[in-house]
Amino acid sequence: MIVALENIWEKVSIVYKVFFVLFTSFLIFLSAQISIDLPFSPVPITLQTFTIFLLALILPKDWALYSVITYIAEGAINFPVFANFKGGIWVILGPTGGYILSWPLAVIILKKLLNYMPRFFALIIVSVIVLLCGTLWLSQFVGINNAFKMGFLPFLITDFIKVIILSIISKIISKAS
């Protein structure tokens with residue numbers, strides 16, 4: 001399926017490519033609004049990573065990467081696309097910026113890891129990478145011990161659940177194609 005999509009990408013017009021990237025960045029925006037604020041953390045639980053990882057699993061690397069970069073750029077120029085309809089460079093430079101900025105790297109690493117290991121393990125590794133990047137960034141605001149308690153530990157269970165669901169969904173999609 002991915003090879004077929006890569007062949008399509010090379011053949012379609014720039015208008016289609018722009019539309020597709022905007023549409024997939026819109027999907028990330030929608031998933032960002034499904035969020036749960038934690039009273040003890042500036043980092044909400046969202047479905048952004050779920051959507052970003054799903055795009056990385058089912059799309060060629062360039063498509064997924066352009067979608068994520070477009071989404072981040074939209075937020076940076078003050079479109080209210082981040083969780084809870086926030087936007088602006090201050091969100092990226094704020095406590096949640098490490099998570100946001102880790103997503104393009106996560107797409108690249110996930111695509112590489114999928115060549116060497118099963119989806120489930122690749123997703124676990126990439127989830128931990130995102131959490132570590134976000135936690136290290138958050139530590140600049142609240143200290144490393146608090147960052148670990150606020151930005152890493154609370155997300156382990158939800159990320160593990162996301163990984164299980166993503167593994168199942170992507171397996172079904174790959175069997176269907």
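> Please give an account of the overall build of the chain that cites residues and values.
A count of helices and strands for the chain gives nine helices and two strands. In the chain, the succession of helices and strands from N to C terminus is α-α-β-β-α-α-α-α-α-α-α. A compact globule built from 177 residues would reach a C-alpha radius of gyration of about 16 Å, and the chain, at 16 Å, matches this within 12%. With respect to the principal axes defined by its C-alpha atoms, the chain has extents near 50 × 35 × 25 Å. Every one of the 177 residues in the chain was classed for burial, and the buried ones make up 46%. Partitioning the intrachain contacts of the chain with sequence separation of at least 6 by distance along the chain shows that 67% fall at a separation of at least 24. Carbon and sulfur atoms make up 74% of the accessible area of the chain, which totals about 9200 Å². Side chains of the chain carry 11 positive and 6 negative charges; the gap between the two charge centres is 8 Å.

> Explain the packing of aromatic side chains to me, and be specific about the residues and the numbers.
Counting across every chain of the model gives 10 aromatic pairs. Taking the centre distance of 5.1 Å and the plane angle of 15° together, the rings of F148 and F152 count as stacked. Taken together through their ring pairs, the aromatic side chains of Y16, F20 and W63 make up a single cluster.

> Let's hear about helix 7 (residues 119-142): which residues, and what values?
In an α-helix, one full turn covers 3.6 residues, which means residues spaced three or four apart are oriented alike. For helix 7, spanning 24 residues, the distance from its first C-alpha to its last is 33 Å, which sits close to the expected 34 Å at 1.5 Å a residue. Among all positions in helix 7, only A122, L123, V126, S127, V130, L131, G134, T135, L138 and S139 are buried. At its buried positions, helix 7 is contacted by helix 3 (48-58), helix 6 (97-113), helix 8 (144-151) and helix 9 (153-176).

> Lay out the environment of W63 in plain terms, naming residues and giving numbers.
With respect to the helices, strands and loops of the structure, W63 is situated in helix 4 (residues 61-76). Taking the C-alpha atoms as reference, W63 lies 7.0 Å from V21; in sequence the two are 42 residues apart.

> Break down the pattern of salt bridges for me, with residues and values.
Under the defined criterion, the tally for this structure stands at one salt bridge. Here D159 and K162 are joined by a salt bridge, their closest N and O atoms 3.7 Å apart. Here D159 and its partner K162 are both found in helix 9, three residues apart, which amounts to about one turn of the helix. D159 gets classed as buried once you look at its relative accessible area, which sits at 10%. Since its relative accessible area comes to 11%, K162 is described here as buried.

Each value, and the rule that gives it
- Residues numbered from 1 in each chain as written.
- Predicted model: local features only at pLDDT ≥ 70, side-chain atom pairs only at ≥ 80, totals over all residues.
- Heavy atoms only, no water.
- Helix = DSSP H or I, 4+ residues; strand = E, 2+ residues; numbered from the N terminus.
- Rg over C-alpha atoms; globule rule 2.2 N^0.38 Å.
- Buried < 20%, exposed > 50% of the residue type's maximum accessible area, 1.4 Å probe, protein only.
- Contact = heavy atoms within 4.5 Å.
- Areas by Shrake-Rupley, 256 points an atom, 1.4 Å probe, with all protein chains shown as cover.
- Lys, Arg positive; Asp, Glu negative; His and termini not counted.
- Charge placed at Lys NZ, Arg CZ, Asp CG, Glu CD.
- Phe/Tyr/Trp six-rings, centres within 6.5 Å; stacked < 30°, edge-to-face > 60°.
- Expected span 1.5 Å × (residues − 1).
- Salt bridge = Lys/Arg side-chain N within 4 Å of Asp/Glu carboxyl O.

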